[in-house]
Amino acid sequence: MAKFIFVTGGVVSALGKGIAAAATGALLESMGLKVTLQKLDPYINVDPGTLSPFQHGEVFVTDDGAETDLDLGHYERFTHTRNTQNNNYTTGKIYFNVITKERRGDYLGDTVQVVPHITDEIKLAIKSVAGGNDVVLVEIGGTVGDIESLPFLEAIRQMRYDMGRENVIYMHLTLVPYIKTAGELKTKPTQHSVMKLREIGIQPDILLCRTERPLPEGVKKKIALFTNVDPESVISAIDVEHIYEVPLTLEKEGLSAYVLKRLGLGDKTPDLAVWSNVVRNLKEPKNEVTIAVVGKYVGLKDSYKSLTEALTHGGIANSSSVQIEWVDAEEIEAHGPDKYLTEVDGVLVPGGFGYRGIEGKIEAIRFARMKKIPFFGICLGMQCAVIEFARNICKLKANSTEFDLDSQSPVIYLMEKWFDFRKGRIEVRDMHSDKGGTMRLGAYPCVLEEDTNAFRAYGTKELSERHRHRYEFNNKFRDILTRNGLRIAGTSPDGELVEIIELPDHPWFLGCQFHPEFKSRPTGPHPLFKAFIGAALREKRSLFPYMSMKPGKEQG
C-alpha cells in the first residue's frame, strides 16, 4: 500500500510548496523509494490551458497531452516521475466529473453535495496515482483559509481515517519572517496558520518553516509548543541561492529521517551525491554566457519557468553559468535590436500565442541570423524564424494565418487534416474548433536528418518531444524555402509535419516546433539546450578568448 504525504501552505502564497514537495520526493527517491507527486489546484478552470501566463505562470505539458500547473515541472525536474493528466486536478475538473456522473445517473436518489460526493471524487483522484508507488506526495494549491481550497482540505483530512494513521502525514509550509528593526524571527504567523489548519480538522505532522536564516533551537521549541508538533519535526526551509540546494538543506535538517519514522518505512540513508554535484557545478562554473530571451511575458518570469531551468541545465552541461537578459519583444519593435542584442552570446525566442510582439521577435531573429549569433527558436520562435527567412531571403510577403488570415504567403498555417501519431488516427480541425481541439498537445515522434545540428545534439535518429501549438509549417512553401537555404532537420515519421529547421551557413541556428524545455532535468540536461549553450560558449571564445571565463578561473 502506498503512503501519502499531503503538503499545504499558509500565511502567504509563493512560499514554494511545489519545490518543497519535489525536493522531499527527491530525498525519498534517493533512498530507493518509488514516488509520484500530484497537484490539486483550487481554481474552477478545468485546466490552466486558457489562463494568461501573467495570472498563473507557464502551462506545463505532459506526454499524454495534459495542460497542467507549472509545479508539475518541478516534480519532473527533481524526480524521475513522468506526469500524466492524473497528476493535476482542479476544482473545475473535479466538479466537471461529478456533474457528468450526476447527469449520467450515477447518483440516482441522492442529493449531490460537497460532502460526500465532491470529497469522494477528490479522494478517487488522489488514489488514481498511487498504484505501483511507495509514496505519493500531494500538494494542495492556494493558502489555508482560502474558501476555494476547503473541499480539498476536507478530502485529505478524511484520507487519514480511510488509509490509517500510519500511512498518512501532513506537511505544512509556513513563514517565519525576520523583522530587521526588532532583530527577531517572528513565530506568530506560523502559529496562526497552524491554528487555521487545525480548525479545519488537520493537525500537521511536519512544519517546513520558510525563513531567510536558520531557526535557533529555542525558536523551534516555541513553534513546536504552540502548534502541538514534535520539536524535531520543525524544519528550517532556508532561502537558498539555487533551488537544487533544497534537497540538501532539508536533509541537513533531518527531514527524511522523520518522514521515514512517521510512515514506518524503515531505516534508510539518502544518496545525494548527484545533487551535491549539481550544486557544485552551479556554484563553481568555469565559464559564463549571456542569453537574450526575447518574449512577451517577460514581466513574470514564471511564464518561462521550464525554459529558464532548461537554460540553467544547459549551462551545467557546459560548466557554465547562464545569465539571462529578458528582452520585451515590443521594445525591439520600438527601438530596434541593436540596443538589446549586440552584447549577448545567444538569442532565444520562446513559444507564445497572439500577435503582440511578433514583429519584434522576427526582427530579433533577423539580427541573430545576420550577425551570426547562435539562435534557438522554440514553437512560435521556430515559426517566426520561418517567417523571417521567407520575408528576407525568399522575398515573400510571408506571415502566419494566426496573425493575418489574408496573408499572400502563409508559410505558417492551421493544418486542417493530419495523422496523429500519438492517437493513431487522422485528426480534422478548423478555425471553428474548440481552442483545445485545434492544438497538437503532448508527445509526438520526430525523425532527424543526419549531418544536422539536431542529429549531432541528440545522437539518435528518432525521438519524442512534447508539443503545445495550433499552427504548423505550410508544406506548400517547403520547396522555395529549402531551395533558398532553409534546412528541414526533423519531421514527423510520415514527413508531413516539420519539427525542426536549421540554417547550415550559420554557427548554430535551430528552431523546433516542440517544447524541449519540458523534458530537461538538472541531472539530465536536454540535448538541444546543451548544444545551444555550447554553441554560444564557442562563439564567445572565438571572438573574446578570455571573456568566457568566470573571474578567477583559468581556462582549461
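Note that the coordinates shown come from a computational prediction; the quantities given were computed from them, not determined experimentally. (Residues numbered from 1 in each chain as written. Predicted model: local features only at pLDDT ≥ 70, side-chain atom pairs only at ≥ 80, totals over all residues. Heavy atoms only, no water.)

What follows deals with the packing of aromatic side chains. All told, the structure shown has 12 aromatic pairs when counted by the stated rule. Here F375 and F509 contribute two aromatic rings whose centre-to-centre distance is 4.6 Å and whose plane-to-plane angle is 35°, an arrangement assigned as tilted. Linking F375 in strand β15 (residues 375-378) with F509 in strand β25 (residues 509-512), this pair joins segments that are 134 residues apart in sequence. Pair check on accessibility: F375 and F509 agree, each one buried. On the numbers, 5.7 Å between centres and 90° between planes, the contact of F376 with W508 is edge-to-face. Note that F376 is positioned in strand β15 and W508 in the loop between β24 (498-502) and β25, a separation of 132 residues in sequence. Relative accessible area serves as the criterion here: at 0%, F376 is assigned to the buried category. We classify W508 as buried; its relative accessible area is 3%. Each residue in the set F376, W508, F529 and F532 is aromatic and connected to the rest through ring pairs, giving one cluster. Across the ring face of Y178, the terminal group of R213 is positioned such that the distance to the ring centre comes to 3.6 Å. The positively charged end of R440 is found above the aromatic ring belonging to Y444, 5.2 Å away from the centroid. (Phe/Tyr/Trp six-rings, centres within 6.5 Å; stacked < 30°, edge-to-face > 60°. Helix = DSSP H or I, 4+ residues; strand = E, 2+ residues; numbered from the N terminus. Buried < 20%, exposed > 50% of the residue type's maximum accessible area, 1.4 Å probe, protein only. Lys NZ or Arg CZ within 6 Å of the ring centre and 35° of its normal.)

Time to look at the packing of helix α15 (residues 358-370) against helix α16 (residues 380-392). The geometry of α15 relative to α16 is characterised by a closest axis approach of 9 Å and an angle of 70° between their N-to-C directions. As summarised for this structure, α15 and α16 are arranged roughly perpendicular, according to the angle between their axes. Handedness of the crossing formed by α15 with α16: right-handed. Judged by residue contacts, I358, E359, K361, I362, I365, R366 and R369 of α15 engage L380, G381, C384, A385, I387, E388, R391 and N392 from α16. Of the residues contributing to the contact of α15 with α16, the split by class is seven nonpolar, two polar and six charged. (Axes fitted to C-alpha atoms, helices over the stretch in contact; angles between N-to-C directions. Parallel < 35°, antiparallel > 145°, perpendicular 65-115°, else oblique. Left-handed = near helix turned anticlockwise from the far one by under 90°. Contact = heavy atoms within 4.5 Å. Nonpolar A, V, L, I, M, F, W, Y, C, P; charged D, E, K, R; others polar.)

This part is about the nonpolar core. One finds I5, L28, I206, L208 and L255 to be the most contacted residues of the largest nonpolar core, which totals 48 residues. At eight residues, the largest contribution of residues to this core is made by helix α1 (residues 17-29). Excluding residues within four positions of it along the chain, I206 makes contact with I169, Y170, M171, H172, S233, I235, L255, Y258 and V259. Residues L341, I387, F473 and I488 belong to the second largest nonpolar core, which totals 42 residues. (Core = buried A, V, L, I, M, F, W, Y, C linked by side-chain atoms within 4.5 Å.)

Right, let's get into the environment of F353. Within the secondary structure, F353 sits in the loop between β14 (346-349) and α15. On the accessibility criterion, F353 (24% relative accessible area) is partly exposed. Separated by 117 residues in the primary sequence, F353 and R470 place their C-alpha atoms 9.4 Å from one another. Residue contacts for F353: discarding those within four places in its chain leaves K296, Y297, L380, E402, M439, R468 and R470.

Looking now at helix α12 (residues 305-317). Between its terminal C-alpha atoms α12 stretches 19 Å, which fits the 18 Å expected from 13 residues at 1.5 Å a residue. Of all 13 residues in α12, 11 are buried; the element is thus mostly enclosed. Among the residues of α12, those classed as buried are K305, S306, L307, T308, E309, A310, L311, H313, G314, G315 and I316. (Expected span 1.5 Å × (residues − 1).)

For K530, the position within the fold is in helix α19 (residues 527-543). By relative accessible area, K530 is classed as partly exposed at 45%. Sequence separation between K530 and V194 is 336 residues, and the spatial gap between their C-alpha atoms is 44 Å. Aside from chain neighbours lying at most four places away, what touches K530 is G314, A317 and N318.

Turning next to the environment of V176. Examined against the element boundaries, V176 turns out to sit in the loop between β7 (168-175) and β8 (178-179). With a relative accessible area of 2%, V176 lands in the buried category. For the pair formed by V176 and L448, sequence separation is 272 residues and the distance between their alpha carbons is 52 Å. Setting aside residues no more than four positions away along its own chain, V176 makes contact with L185, K186, T190, C209, R210, T211, L215 and I223.

Take α1 next. Given a rise of 1.5 Å per residue, 13 residues ought to cover 18 Å, and the 18 Å separating the end C-alpha atoms of α1 matches this to within 8%. When you tally the buried positions in α1, you get 12 out of 13 residues, the bulk of the element.

Ordered in space as β5-β2-β6-β1-β7-β10-β11, the seven strands form an open sheet in which the pairing is parallel. Of all strands in the sheet, those bounded by a partner on one side alone are β5 (88-90) and β11 (234-238). Between one strand axis and the next, the sheet turns by 20° as a mean value, whatever way the strands run. Judged from the five bridges that link them, strand β1 (residues 3-9) and strand β6 (residues 135-140) form a sheet pairing that is parallel. Across the sheet, the residue bridging to K3 is V135, located in β6. (Pairing = 2+ DSSP bridges.)

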